[in-house]
Amino acid sequence: MNKTMRTLVAAAVAAGSLLAVAGCGNANANVATPKDSSGAVVVNFWHSMSGTNGQVLDKLISKFNDANKGKIVVKGTYQGQYDDAITKYKSAVQSQSTPTMMQIYDIGSRFMMDSGTITPMQDFIDKDNYDTSDLQPNVAGYYTVNKKLYSMPFNTSMPVLYYNKTMFKQAGLDPDKAPATLDEVKADAEKLSKKNGGPAQYGFNAAVYGWYLEQEIAANGDLYCSPDNGRGSDRATKFTFDNDGAVTFMKWWKGMIDAGISGNTGTDTDAAVNAFETGSVGITVESTADLAGIMEAAKQKGFEVGVGNYPKIKNNDSGPIIGGASLWISNVKHSDEEQQAAWKFIKFLSEPENQATWHTGTGYFPTSKKALETATDKQWREQYPQFDVAVKQLADTKLTSATQGCSAGVMPQARKAVETAVEKVFEGADPKTALSDQVKAMQTTLDDYNNSVKQ
């Protein structure tokens, strides 16, 4: 990690990118702007959107290009899943061949901030006096550190609780009342489970995915790393995902597995979703991005889906963290004119109507508050009223360091470390010990990263 980061930073320094800012970066003053045969500025955009999501993105790109013929042309290129894409970006930095724009997943944010290869979005915002009041504050908050917005939120999701309303009726539960706390989930899972005469093989199941522990910690108002989840002037120097709330969550989950009321489908998120969609499981937790797919599967199976807030240890004004990815503008040998063209495209994607198109076409949460007021979005939510639960959950979540999530350069590794701990707990390890062991194991990785970016 140390060697890789040092190499990356060295490449950024060689490219002059550590000095560049939009509109005034001398490092890129003499860099040629790429243009096509019509004279339009070319914006190369690397992303990780495939399938339906990729098709919707392509339509938005075409819409922008049609409106800017002869001036700007955006060329979107799929670069594989998030991990593959960020690896390709790192390689491109070393060869000084980065794209103009890059889509990076949430937990790659701190790395991008520290890489010295990007122009912070705040620079464009300040230069244009761009009004950010329409941005969902809890969404923008994730990509903000020390009051500076580094990237523009794009495809945003939140975790919610999904439950089979048809099974709730069969088990004598109120189908219009989603369980709100861990204790309530357990009580409902007991009645839903086959071993207790219920209609489901297991009342509850969720994938072994480190994101869920991050969510539970935030929903409890606690920090995943310190100080301040890395959100202030000081970077994160220690992980704290072995706190009391995390331990309580792990004991709850393992207890339900031992009681035979929770399944264990392992780390395969598709398997966990499939278990719910096929009616094997009565309750699960998953991203809002899966809502449309789950609704369609339920329709095919003939059951009704309910959606509730992500369950907490106890009710409070905290809430879960957003997920997904955001858009970054690279300054590694990209002229100010090229970067400004990318900024224009980003502003286009952030417009309410385009966010409504994105939301309704993909299921990702709109980053624009006004998007929810468009006719397109209102009509879609009439079809999927379950999504209004996510809208309200986001609005009701107080923006704090806890709900912003941890900003650390080694978050991908930390998430994997948590998954290792969860699997050990499921095998019989003590929850506190398993989590603390991974906190200790991650300390060297975090220290090495922080040392590699000190200037």
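Residues numbered from 1 in each chain as written. Predicted model: local features only at pLDDT ≥ 70, side-chain atom pairs only at ≥ 80, totals over all residues. Heavy atoms only, no water.

Considering the nonpolar core
- Among the nonpolar cores identified, the biggest contains 128 residues, and Phe239, Phe241 and Trp253 are the most heavily contacted of them.
- Apart from the residues within four sequence positions on either side, Phe241 is in contact with Leu213, Ile217, Tyr224, Ala246, Ala414, Val418, Leu435, Gln438 and Val439. (Core = buried A, V, L, I, M, F, W, Y, C linked by side-chain atoms within 4.5 Å. Buried < 20%, exposed > 50% of the residue type's maximum accessible area, 1.4 Å probe, protein only. Contact = heavy atoms within 4.5 Å.)

Considering the state of the cysteines
- Applying the stated rule across the entire model yields one disulfide.
- Across the disulfide from Cys225 sits Cys406; the S-S distance is 2.2 Å. Disulfide Cys225 to Cys406: torsion about the S-S bond roughly 110°, handedness right-handed. Of this pair, Cys225 sits in strand β9 (residues 225-226) while Cys406 sits in the loop between α17 (401-404) and α18 (411-426); the two residues are 181 residues apart in sequence, bridging distant segments of the chain.
- In this structure Cys225 comes out as buried when scored by relative accessible area, which is 0%. (Disulfide = S-S within 2.5 Å. Helix = DSSP H or I, 4+ residues; strand = E, 2+ residues; numbered from the N terminus.)

Looking at helix α14 (residues 352-362)
- Of the positions making up α14, those classed as buried are Asn354, Gln355, Ala356, Trp358, His359 and Thr362.
- Buried residues along α14 sit in contact with α2 (51-67), β6 (152-157), α13 (336-350), α15 (375-383) and α16 (387-396).
- Following α14 by one or two positions, Gly363 adopts a phi angle in the positive range, close to 95°.

Comments concerning the pattern of salt bridges
- Applying the stated criterion to the full structure yields 14 salt bridges.
- In this structure, the salt-bridge partner of Arg110 is Asp114, at a minimum N-O distance of 3.3 Å. With Arg110 and Asp114 both in helix α4 (residues 109-114) and four residues apart, this pair spans about one turn of that helix. Across this residue pair, the class does not change: Arg110 and Asp114 are buried.
- Between Asp242 and Lys432 there is a salt bridge, with the nearest N and O atoms lying 3.9 Å from each other. Highlighted residues: Asp242 in the loop between β10 (238-239) and α10 (244-258) and Lys432 in helix α19 (residues 431-452), separated in sequence by 190 residues.
- For Asp242, a relative accessible area of 16% gives the class buried.
- Judged by its relative accessible area of 36%, Lys432 is partly exposed.
- When salt bridges with common partners are traced through the structure, they connect Arg110, Asp114 and Arg235 into a single cluster. (Salt bridge = Lys/Arg side-chain N within 4 Å of Asp/Glu carboxyl O.)

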